Structures are given as structure tokens and as C-alpha cells.
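Observations on chain architecture
Now for the letters of each chain:
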Amino acid sequence: MNTTTFPNSPLLSVRDLSICFDTRHGPLRAVDGITFDLAPGEILGMVGESGAGKSLTGTAITGLLERPGRIDRGEILFEGKRIDTLSAEEMRRLRGRRIGAIFQDPLTSLNPLMTVGQQLVQTIRTHLSLGKEAARKRAIECLAEVGIPAPEARIDQYPHQFSGGMRQRVVIALALCAEPSLVIADEPTTALDVSIQAQILDLLKKMCRERGAAVILVTHDMGVIAETADRVAVMYSGRVVEIGPVEKVVRDPRHPYTKGLMQSIPRVGSNALRLTQIDGAMPRLTDLPSGCAFHPRCPRAFAECKRTKPAALPVEGGHVACHLYQEEPV
Amino acid sequence: MSSATDTQPLVSLTGLSKTFDLSPPLLNRLIERKGRRTLRAVDALNIDIPRGKTFSLVGESGCGKSTVAKLVVGLHGATSGSITFDGTDLTRLAAADRGAFRKRIQMIFQDPYASLNPRWRVRDIIAEPLRSFGITSSKQEERAEVGRLLEMVGLSARDGEKFPHEFSGGQRQRISIARAISSKPEFLVCDEPTSALDVSVQSQVLNLMRDLQDELGLTYLFISHDLAVVDFMSDYVGVMYLGRLVEAGPAEQIFAAPEHPYTRLLMDTVPDISLGRRDRAPAIGEVPNPITPPPGCSFNPRCPLATQRCREQSPALAARSSGTVVACHAVTGEPAAGSRPGAGGAAGTGTGTVAQRQPERGVA
Amino acid sequence: MALEASPQSRLTAFLKSDLFYRFRTSYVTVAASAVTVFILLAALLAPWIAPHDPFDVSTLSLWDSELPPVWAEGGDPRFLLGTDNQGRDVLSAILYGSRISLAVGFVSVALAMVIGIVVGLVSGYFGGAVDAFFMRIADVMLSFPTILVALLVSGIVRGALPREMHDSAALIVLVFAITVTTWVQYARTVRSSTMVERSREYVYAAQLVGRKPFAILFSHILPNVMGPVLVIATINLAMAILIEATLSFLGVGMPPTNPSLGTLIRVGNEYLFSGVWWVVIFPSLTLVALVLAVNLLGDWLRDALNPKLR
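Predicted model, so just to flag it, every value in this text is computed and none were measured. (Residues numbered from 1 in each chain as written. Chains lettered and ligands numbered in written order. Predicted model: local features only at pLDDT ≥ 70, side-chain atom pairs only at ≥ 80, totals over all residues. Heavy atoms only, no water.)

We now examine the overall build of chain C. Looking only at helices and strands, chain C features 12 helices and 0 strands. Starting at the N terminus and walking to the C terminus, you meet the elements of chain C as α-α-α-α-α-α-α-α-α-α-α-α. The dimensions of chain C, computed from C-alpha atoms along their principal axes, are 75 × 55 × 30 Å. With 310 residues in all, chain C has 45% of them scored as buried. For chain C, the share of sequence-separated contacts (at least 6 apart) that also reach a separation of at least 24 residues comes to 69%. (Helix = DSSP H or I, 4+ residues; strand = E, 2+ residues; numbered from the N terminus. Buried < 20%, exposed > 50% of the residue type's maximum accessible area, 1.4 Å probe, protein only. Contact = heavy atoms within 4.5 Å.)

Here it is, written out as C-alpha cells:
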């Protein structure tokens, strides 16, 4: 796959990354050769159905991939240096300081036995050389920045004393307090109520813009991506089938899967009698079809699709991996 | 199908309330000197669902919409109010007489992974209602019926031999639907049936549900937090906030011109895919703890239009000329319905679909 | 695909299953189950494979008393593991003793399991006063040590029954004492699993089609709570065998005329310091091997059924 060129060198570069799970039936490839770049300060959305490999990709970048999963091919370059080969200890230092992580369920990211302040101070002092008092001051500032009212009082409370939305704000504060240059946000709003989702997304966007942090936003919700991301990578069965600027992918999707996905989203006020649907379901890892994994569900599949995996071809501002576009001029 | 006239709604909820007692045990209350703690999950709900239509309840978690679903199917007992199904008040029915109605009211659940017993084969799961209601008389007949139901929901008869874990989420939800329609019910309560599914699969399941509605003449009570899904499915919509209906009416009307500030807030939060990013003022605040709802209108802490009156007086549902009902002082502007005798200004009442009902009923 | 699952296809399905795979690839577990099966078979077939009948007094001869194992000096090839002070063949005594130990173990585990499952299901499903009632009984039961219960029961039985019936009642007393003190574990485990399962949607679905509570409990919930029960049952089998041995060792268990492994150890223990070590060592080794093997099986089963450790 050709690399998209950026004015300045990419912050993160994922090259031909493959993740497989060792099982007694042999290795199962959950992520299959994905390549993308992330510019500093950019928000990249990764969208796909459950099991498409989007969360695994995020996990691999944060170095939190656990056995029996492993990276079996490719490399991850962060600020020009390979990080997929780092030791657990080196990765731990990088995480938090340079790479922040936000997960779906705010309760699992926070230690229920420590006050919010203790957790913030601990993170700040691990990564920044600050004294106890200075770190606490910084923690209060962080809480204020994420919009928690009366941070001086709330800093000494435990996670369970916060509501769901406030808890996710704390998680964002925790992920951003060491000023990382990359944030991996895995379904950060899925567990929240609809009226709070927008607040959290806006906050995430604002915080990252102000700090110049790049974000990989992993979600199944195209609406979240459309409103938040600069570029979007659409994943299906472990591969990136289409990547490009959000406006482009949303308005004019190329890949038949992206097209089907966009059309199947119900919209308010459409007055449709039926929704467009993609028949079938994403294949299981244990019985992946030959060639393009989408071909059994694809309305435009032809003979070649059953035979070979389509390579990613550059199209306007992005790439699409589909045999339909093989002949198109680059 | 029934003696009732077509104009009579199939399902009517009148003043339906459910209070959960969250108090600690008596001994702890005495020692810790704490009072009883109760949660009004559903507060005097009035809804009519016409035959063959879909009524959707929308709201955020904790608004009581799932409790309504459980009340209607009889998984919870109502604290007060009535559930009238085809002319019979189910809340007054003896347990023995309820059996006849179970067959006619079924439910589709939210979580396709929890709603099918993992130890049962699919054919047994779908056959359970057939056996329990004595619908099929022989094994062959049962097998044929299970096969027919599986094919009806887009699976094959052979899938009956498999166990639930061999299916994807969308296929499991189809199995759940096959089970729900196996007793040939007239009324299906659907509690967030697609919220656990991926979008491309969600559209399959929603299309299937609409096809079945046309084919079998089903009436749906559809519970969801997703306005786009609700818009696609519904004839009537009721918006709930902290156990109360704040706005209800024909779906087109609600979606075209939402009046209650909370409904408008919900509409604003629907991510807009076609426009890409747009700048909007995100909703403020969060749903308060339902155990200690704010005084007055429970939405007042988040409401941009809140006045002193909203903090003191709970608004009652009032009919609008557009055919909807709205419970909001700022919208109706009329004198508060606190004149309702004995209501203590607490219970907001009104009707869901006002086409068939006098909204003032229960107020005068 | 065949419409009815034949026994054969079930067997092949099991052989292909993850459970069997995890079994096959754990050598410790395979060894443990081999030991267990070996002792089980030997005990079961004791009347046919034992070289002597240790209960047939007419075959005993004091001339054969206290003979060492066959490989030691003075050993007699008729008595592989030697004889005790009455000329009883130790190997045969162990085979018959294992029978008793295992019988006490299996019967008490089965009884405790049935009682515990029923109480746990009912408690967990209905909750409220029913639950409070059973759980208070369970608390009381837990506060009695098994040995104390056995001593009490044994004392009462001995007082109530004529002397000649004491020995025959010993087995029942043991089973009763072990059952009474171990059913609580099953009940508590089943209760907490049931409380989780009863609010799962498949249970609601069954309620909505009018299935009766007990039908739901046994056809829907029971199959889903059996995993942890089997783990406890396996580990409790080892524990029951140990409790039986302890009680018999203390003299409130099986009588020397119908000895279990525990009785053999107690009797043999008295001769240990006179150099007749084989009478106590071989029953002890059998007991240790059996309990260890069964415990290892239980551990494996617990890990294999725990999705978090996969």
C-alpha cells in the first residue's frame, strides 16, 4: 500500500500490521495486513462491526495485546521509532506519557479503591517530574479542564461518587494529564446515554485540539465518526477496506461494504418504508471465505473477488481495497 | 379477530405506575435511622396503542421505558393503574386467567446473547412456547412448525439442530423473534431489540420486524433510545423522562415539530451523518438520580427554558392543536393542571395517542 | 446432518470439544485421571481381583500374621503387600477398604449435591423469606465442624440402637455426617448462580410462555449452574474421603470388622513403632494417591470451565 504523504512526518505509522490468535486449530488471523498513517493532531476514526479487528488494532498500538493474541507481521512506528518490539516495561512508560488510552467502560479504567485525585496525581507524577503539591494542583486543573464542577472538592471523591458522564470525563482527564501526543479512544461513548455522548465527544475533540494530540477513535457508530473525525478507516474482517477523509467516505463511499453500511443507517426524517440492508453477517475468523472476505455479501462481486484479496488502491485522498476499482486511473 | 371495534385501541395503559422499594431491610433501617427509599420508575403513564400500529417509547437509561415493557408483559406487577388489553384489564386478572393472554402478548429482548438458553438447541427454544401453550399436538407437527418459523425469520429449518453459540448476534435475534411469534401473538413488546446489533445487521432485523408486522398484523410496543430507529419503526411516539411521559403523539408530528425541550434535546443529539461535522451546543447536564428527582418539572435542571414555576410545579400533559400532548409550562403556558383533585400537584397525567381520547380525562 | 444426535456423534463432538482438548494436553490431569480410574476399578472389582477375602475369618491364619511385603526379607508370595497382626492380606484389605471409602465419598457427595442444588435453586429463584430461611439453616450448618456432627450423630445412634447394630449403622452415620455438613457449599454456589441466571432474559422468555417456576428451575436454570457444582463435587469427593478417613481414624467411623482406608490406617498405626510399617504405609499411600488425583481433577475441571482462564 502506498503511504499517504503528509506535509510533516507522521506521528504514527502502522505498516502491514497483522494480529493472530494461536488456537489449537492453528493461528486465526484477526487483523490482516493493515497500513495507515496518522498525522500529529489528526483524528482518525476506525469504524467496523464487532469482530472486524478495530479494537485489536488499538490494543496493539497501546501495547496491551494479550496472549494468545500476538502481532505476527508488520510494524508500528511511533514518532519514527518502532514500538511493537519494545519490552513491556518500556511500553508501560510510553503509555500514559506519550500514548493515552480511553476505554468504553469508565468503571474499568478507574481504580474503585483510590480517589480520583490519587489516581491523577499518581499518573502525573509517574510521567512528569512534579512535586506532590504541584501534581495535585495540576490534577485539579485537569479536572476543571474536562468540565467537572467544583474540582477542588471532587478530587477527593471515589469513582463511584461520579455519574457515568462525569466518570468518563475523569478518564479523559487521566488519559490527557501527562499531555500525550496520541490518544487511543476505544468506544469512549458507547456506554453513555445519547444526550451525554455529544458532550463527551465535544470534550475529547476540544482537549485534543488544544494539546495537539492525535486521536484514534475506535467505534461502531458512523455518526460519531462523521461528527468527530478528520479521516476514517472502515474495517471489515480484519482489513481496512476503505480509508479517506470523512466527508469523502461519508458522502461518496467507494467500497460496496461502506456503501451498504452508510445506506443501512436509519436516519430521522427519511420516511423510508424499508432500510437498505446488507444480507448475511460478517464471517467468523474460523471460516473466512477465499479472496475478498466481503464477496459473499457483496452485491457487485464477480469472479476475481472469490480468487484474490484486493490490494489497497489509492483513490482521491485515500485508499480502497476492492477489485471494482482496479482499473481506475490513479 | 375480536369483538372490539377497530377504533378501540388494542392496548391501553391508564395511570400506570410502578414504584420499586429500594429500602434496606427493616433491621438496618432501624439501626441506621434511615427511612424508606423508593424509586418511582413509572409514574401515571397513559398510553393507547391502536391495533396493527407501532407505539415507541423513547428516553435515556433510567427513564422507565424498560419497566413499562416489563409491566405490560406481566414480568413486573403494577403498583397502580391498569393495562387494558383488548378490553380486559390485565392487572385485575387472576394468575390462572392470565394464561390465555400470555399467548397473545409476547416479547423480544434486548440482548441476543442472554435471551436464548445457551444449553438448549434452537429447535427446543422455539418449540418451548408451542409445547407450553399446547399449540402443536405431535412431534412431527412441532418440528414442521419450528421449521416454518425459522424460515419465516430468514433462517433455515436445519438451523434448529444447532446451539445458540453457533449463530451471530443478528441471527440470534431472528431466533428470538421466531420464538416470540410462535404462539401467534397479536401484540409484541420489543425492548431495544437492535441496540446490541451492528448497524448493517440492525437494518436486517428492523426490516424483518416490519415485514412480520404487515404479514401477521402485529401491534408493537417498541422501546428504544435511538431516535432514527424509532422514526423508522413508529406510528406513535412517546418520550419519557424520569418515569413520566413528557411528550407523545403521531411520529411524523413529533419528529417534524418536537415541542418539549427534552424531545428537542434528544433530536439534537442524533448524530448527523449526511452533514459531516457541525457545531452545535451539546446538551447540558445528565439525567438526575431517579431516587431523588428534582422538585417541580424533573427536567428543570437541564432545561434552557426553566423558570421559577418549573422548579415548583410539575407540568401536566396538555393537548396541542397538532394532535400531540406535551407536559411543559413553557410550551403550554396555560395555568397548571394542579387543580386536579387529590393529585397534590405530583402526578402528571395525559394520554399518549390523543386521537381516541380526551386528554383532559383524569384531570377534570 | 442427521436430525437426531446419535450417541456416536455426541462422542465425536466430545472428542473434538475444547474441554477434551484441554484434558488431553494436560499431562498432570491425564495422570491424575489414570490413577483415579485405576483405584476406582480396583475397588469396584475387589471381590474378583483381591487375592484373599479379608472378612472371611476362616481363611485367616495367625501363622501368616505380620508378614512383610513380598520383596522384603521373610516375605510370602501369597501376600504381596504383607499381612497384619491377624494374618489378613494388606492388599486385599486396601482393595476392600477403598471400596468403603469411595462408597462413603460418592454417596455423601451425591446426597449433598442433590440437597444443595434443590435448596440453592429454590433459595436463589424465589428469594425473600424462603431464601432467608434456608440460608440461616445453612449458616447454622456451617458453624458445626463435620467431626463434631459425626461424633454427635454417632453418639446418638449408639445410644439409640442395640449394640449389635452399631457396626452396620456406621456407614449411614458417616454418610449422614458428611452430607449434613457439606450440602451448604453446593447450596450457596447454586444460589448465587441462580440469582444471576434468574434475571437473564431467557428465563423471562420462559416465564412469558407460562412455564411454572419449578419447570424453569430444572429445565432452564439447572443446566446453566451445573459447571461450578461439578467442580465442587469433584473436590468434595476428595474431601469426603478424607473426612471419612479422619473419622474412622478417630474411631467413630467404620469398625475394624469392615474397615475403610481410615480404619486400616488407625489399626495399622498401632504397629508402626513395632517395625510393622507396611500395615499403615500402604493404606496411607493409597489414600494420598486417591485424594491427590481427585483433587487435581477438580482443579483441572475448575480451570477448564472458567472462561477467564482460557
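Okay, the overall build of chain A next. Regarding its fold elements, chain A presents 12 helices and 12 strands. At 21 Å, chain A has a C-alpha radius of gyration in line with the 20 Å of a compact globule built from 330 residues. Across its three principal directions, the C-alpha atoms of chain A cover 65 × 50 × 45 Å. The burial tally for chain A puts 55% of its 330 residues in the buried class. (Rg over C-alpha atoms; globule rule 2.2 N^0.38 Å.)

Our focus in this paragraph is the interface of chain B and chain C. Taken together, the contacts link 26 residues of chain B with 20 residues of chain C. Interface of chain B and chain C: buried area, both sides summed, is about 2,100 Å²; carbon and sulfur atoms make up 56% of it. Across the contact surface, chain B and chain C share 1 salt bridge. A salt bridge links E128 of chain B to R211 of chain C; the shortest N-O distance between them is 2.5 Å. Counting across the interface, chain B meets chain C through 10 residue pairs in polar contact (both at pLDDT 80 or more). Of all the secondary-structure elements, those providing two or more residues to the side of chain B that touches chain C are helix 2 (65-73), strand 6 (105-108) and helix 4 (122-132) of chain B. (Buried area = accessible area lost by both parts, 1.4 Å probe. Salt bridge = Lys/Arg side-chain N within 4 Å of Asp/Glu carboxyl O. Polar contact = N/O pair within 3.5 Å; in protein donor to acceptor, adjacent residues only side chain to side chain.)

We now examine the sheet that holds strand 10 (residues 239-245) of chain A. Residue and element names in this part refer to chain A. Taken in spatial order, the 8 strands line up as 6-7-8-3-9-10-12-11 in an open sheet, and their pairing is mixed. With partners counted over all chains shown, the strands left at the sheet margins are strand 6 (99-102) and strand 11 (313-315), one partner each. Taken over all neighbouring pairs, the strand axes of this sheet differ in orientation by 25 degrees on average, direction set aside. Relative to strand 8 (residues 214-219), strand 7 (residues 182-186) is paired through 5 bridges, and the arrangement is parallel. By the bridge assignment for strand 8, D186 is matched with V218. Relative to strand 6, helix 7 (residues 164-176) is tilted by about 170 degrees, and along the sheet it contacts strand 6 and strand 7. (Pairing = 2+ DSSP bridges. Axes fitted to C-alpha atoms, helices over the stretch in contact; angles between N-to-C directions.)

Our next topic: the side chain of S82 of chain B. Residues and elements named next belong to chain B. With respect to the helices, strands and loops of the structure, S82 is situated in strand 4 (residues 80-85). Owing to a relative accessible area of 11%, S82 belongs among the buried residues under this scheme. Those residues in contact with S82 that sit more than four places away from it in its chain are S12, L13, T14, L16, D89 and T91.

Under the present numbering, the feature "domain: ABC transporter" (unreviewed entry) in UniProt falls on residues 14-262 of chain A. Helix makes up 42% of residues 14-262 of chain A and strand 27%, whereas the separation of the span's terminal C-alpha atoms amounts to 26 Å. (UniProt positions renumbered as here; feature names shortened; annotations may be inferred.)

Here we take up the UniProt feature "transmembrane region" (unreviewed entry) in chain C. Within the UniProt annotation, "transmembrane region" (unreviewed entry) is assigned to residues 26-50, 100-126, 133-157, 169-186, 229-255 and 275-298 of chain C. Regarding residues 229-255 of chain C, the helix share stands at 81% and the strand share at 0%, and the terminal C-alpha atoms are separated by 32 Å.

Let us now look at the pattern of salt bridges. Residues and elements named next belong to chain B. Following the criterion strictly, the structure yields 51 salt bridges over all chains and no others. For E186, the salt bridge is made with R51, and the minimal N-O distance between the two is 3.7 Å. Here R51 lies in the loop between strand 2 (38-49) and strand 3 (54-58) and E186 lies in the loop between helix 6 (169-181) and strand 7 (187-191), a separation of 135 residues in the sequence. When its relative accessible area of 23% is taken as the criterion, R51 is described as partly exposed.

This part covers empty space enclosed by the protein. All names here are of chain C. In this structure the tally under the stated criterion is 10 cavities of 30 Å³ or more. In this structure, the second largest cavity encloses a volume near 100 Å³. Looking at the second largest cavity, the residues that line it are D84, R88, V90, A93, P256, P259, L264, V267, V279 and P283. Listed by contribution, the elements that provide at least two residues to the lining of the second largest cavity are helix 5 (90-126), helix 11 (261-269) and helix 12 (278-305). Of the residues belonging to the lining of the second largest cavity, the class tally is 8 nonpolar, no polar and 2 charged. (1 Å grid on protein atoms, 1.4 Å probe; cavity = no way out; pocket = protein on both sides within 12 Å on 5 of 7 lines; lining within 4 Å. Points joined across faces, edges and corners; volume = space filled by probe spheres on them. Nonpolar A, V, L, I, M, F, W, Y, C, P; charged D, E, K, R; others polar.)

In this section: the nonpolar core. Within the largest apolar cluster, 95 residues are counted, with the highest numbers of intra-cluster contacts made by L12, I34, F36, I61, L182 and I216 of chain A. Broken down by element, the residue count for this core peaks at 8 residues, all from helix 7 of chain A. Residues contacting F36 of chain A, with those up to four places away along its chain left out, are L12, S13, V14, R15, L44, M46, T57, I61, I216 and I243 of chain A. Core analysis: the second largest hydrophobic core is formed by 67 residues, A93, V203, A233 and I241 of chain C among them. (Core = buried A, V, L, I, M, F, W, Y, C linked by side-chain atoms within 4.5 Å.)

Below, the discussion takes up the interface of chain B and chain A. At the junction of the two partners, chain B supplies 44 residues and chain A supplies 47 residues. Summed over both sides, the interface of chain B with chain A buries roughly 3,700 Å², with 50% coming from carbon and sulfur. Counting the contacts that link chain B with chain A gives 1 salt bridge. Summed over the shared surface of chain B and chain A, the number is 13 residue pairs in polar contact (both at pLDDT 80 or more). Within the residue set of the side of chain B that touches chain A, elements represented by two or more residues are helix 7 (199-216), helix 8 (227-233) and helix 10 (261-269) of chain B. A per-element tally of the side of chain B that touches chain A places helix 7 of chain B first, with 10 residues. Partitioning the side of chain B that touches chain A into residue classes produces 19 nonpolar, 13 polar and 12 charged.

For the rest of this paragraph, the subject is the sheet that holds strand 2 of chain B. Residue and element names in this part refer to chain B. Spatial ordering of the open sheet is given by 2-1-4-5, a layout of 4 strands whose pairing is antiparallel. At either end of the open sheet lies a strand with only one pairing partner, and these are strand 2 and strand 5 (88-89). Sheet analysis places strand 1 (residues 11-21) next to strand 2, joined by 8 bridges and oriented antiparallel. Note that in strand 2 the partner of K18 across the bridge is V42.

To continue, consider the pairing of strand 3 of chain B. All names here are of chain B. In terms of residue burial, strand 3 counts as a mostly covered element, since 5 of its 5 residues are buried. Covered by surrounding structure in strand 3 are T54, S56 and V58 together with F55 and L57, the residues of both alternating faces. Two elements, strand 3 and strand 8 (residues 219-224), share 5 bridges in a ladder whose sense is parallel. Following the sheet pairing, T54 is matched in strand 8 by Y220. Pairing between strand 3 and strand 9 (residues 236-241): 4 bridges, direction parallel. When the bridges of strand 9 are listed, V58 appears paired with V239.

Glancing now at the packing of aromatic side chains. Taken as a whole, this structure holds 18 aromatic pairs over all chains when the rule is applied. For the ring pair F85 of chain B and F187 of chain B, a centre distance of 6.2 Å and an interplane angle of 35 degrees mean the geometry is tilted. Within this pair, whereas F85 of chain B is found in strand 4, its partner F187 of chain B is found in strand 7, the two being separated by 102 residues in sequence. Assigned by exposure class, F85 of chain B and F187 of chain B land together as buried. Ring centres of Y125 of chain C and F126 of chain C lie 5.2 Å apart, and the angle between their planes is 85 degrees; this geometry places the pair in the edge-to-face category. A residue is classified by how much of its surface remains accessible, and Y125 of chain C, at 11% relative accessible area, is buried. One aromatic cluster is present, formed by W71, W277, W278 and F282 of chain C through successive ring pairs. (Phe/Tyr/Trp six-rings, centres within 6.5 Å; stacked < 30°, edge-to-face > 60°.)

With that settled, the discussion passes to the confidence of the model for chain C. Residue and element names in this part refer to chain C. On average, residues of chain C carry a pLDDT of 85, and 95% of them reach 70 or more. Across chain C, helix 9 (residues 201-208) holds the top mean pLDDT of 94, while helix 1 (residues 7-16) sits lowest at 69. Predicted complex, confidence summary: ipTM 0.85, pTM 0.85. (pLDDT = per-residue confidence, 0-100.)

In the numbering used here, UniProt assigns the "domain: ABC transmembrane type-1" (unreviewed entry) feature to residues 98-298 of chain C. A helix fraction of 84% and a strand fraction of 0% characterise residues 98-298 of chain C, whose end C-alpha atoms lie 19 Å from each other.

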